[in-house]
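# Inside the fold
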Amino acid sequence: MFKRIKKLENEINDSKKEIKDLKEKLYEILDNQKINELSKKYKAKINFRYEYCCCFLEINNHTVVDTKLIINCHEYIQSGELERDIKAFLYNRKKEDK
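Cut-offs applied
Residues numbered from 1 in each chain as written. Predicted model: local features only at pLDDT ≥ 70, side-chain atom pairs only at ≥ 80, totals over all residues. Heavy atoms only, no water. Helix = DSSP H or I, 4+ residues; strand = E, 2+ residues; numbered from the N terminus. Buried < 20%, exposed > 50% of the residue type's maximum accessible area, 1.4 Å probe, protein only. Pairing = 2+ DSSP bridges. Phe/Tyr/Trp six-rings, centres within 6.5 Å; stacked < 30°, edge-to-face > 60°. Expected span 1.5 Å × (residues − 1). Salt bridge = Lys/Arg side-chain N within 4 Å of Asp/Glu carboxyl O.

## A look at the environment of Tyr-52
Here Tyr-52 shows up in the loop between β1 (46-51) and β2 (54-59). Residue Tyr-52 is classed as exposed on the basis of its relative accessible area of 78%. Through-space distance from the C-alpha of Tyr-52 to that of Glu-96 is 32 Å; in sequence the pair is 44 residues apart.

Following this line, the structure appears as structure tokens:
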């Protein structure tokens, strides 16, 4: 009986790990899709750089937002904050060019 319970516990733990992995992959796909849409919309090169568990937003090879402001990358990308930061950066660059 103890072996069966232990086996079921192991199967549950494995299933949880698989679900977590699938969730992370889904988030990654959704994030990439959103970034590509915004890149095309604003005709800008948008990139997220990850270093030492930190996330940096880069637009046209300029670091725009660092990890102090980005707590959860997926939520940041899917919310309107990313698009707001892109608009603000591009507006400021246009202003500087004049």
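## Overview of the pairing of β1
Across six bridges, β1 lies against β2 in antiparallel orientation. For Asn-47, the partnering residue across the bridge sits in β2 and is Glu-58. Linkage of β1 to β2, two consecutive antiparallel strands, is achieved through a turn of two residues, within which Tyr-52 is found at a positive phi near 50 degrees.

## Concerning the packing of aromatic side chains
Tallied over the full model, the rule gives one aromatic pair. Each ring, one from Phe-48 and one from Tyr-76, has its centre 6.2 Å from the other, and the planes form 80 degrees; the classification is edge-to-face. In this pair, Phe-48 sits in strand β1 while Tyr-76 sits in helix α2 (residues 73-78), placing the two residues 28 residues apart along the sequence. Considered together, Phe-48 and Tyr-76 belong to a single accessibility category, that of buried residues.

## Looking at helix α1 (residues 2-42)
Taking 1.5 Å as the rise per residue, α1 with 41 residues should run 60 Å; its terminal C-alpha atoms sit 60 Å apart, in good agreement. Of all the positions in α1, only Asp-31, Ile-35, Leu-38, Ser-39 and Tyr-42 are classed as buried. Looking one or two residues beyond α1, the residue adopting positive phi is Lys-43, at roughly 50 degrees.

## Here we look at the pattern of salt bridges
Opposite charge on two side chains allows them to pair when their charged atoms are near. Summed over all chains, the structure comprises three salt bridges. The salt bridge involving Arg-49 is made with Glu-58; its shortest N-O contact spans 2.6 Å. Judged by its relative accessible area of 24%, Arg-49 is partly exposed. Where Arg-84 meets Asp-85, a salt bridge forms, and the shortest distance between an N and an O atom there is 3.1 Å.

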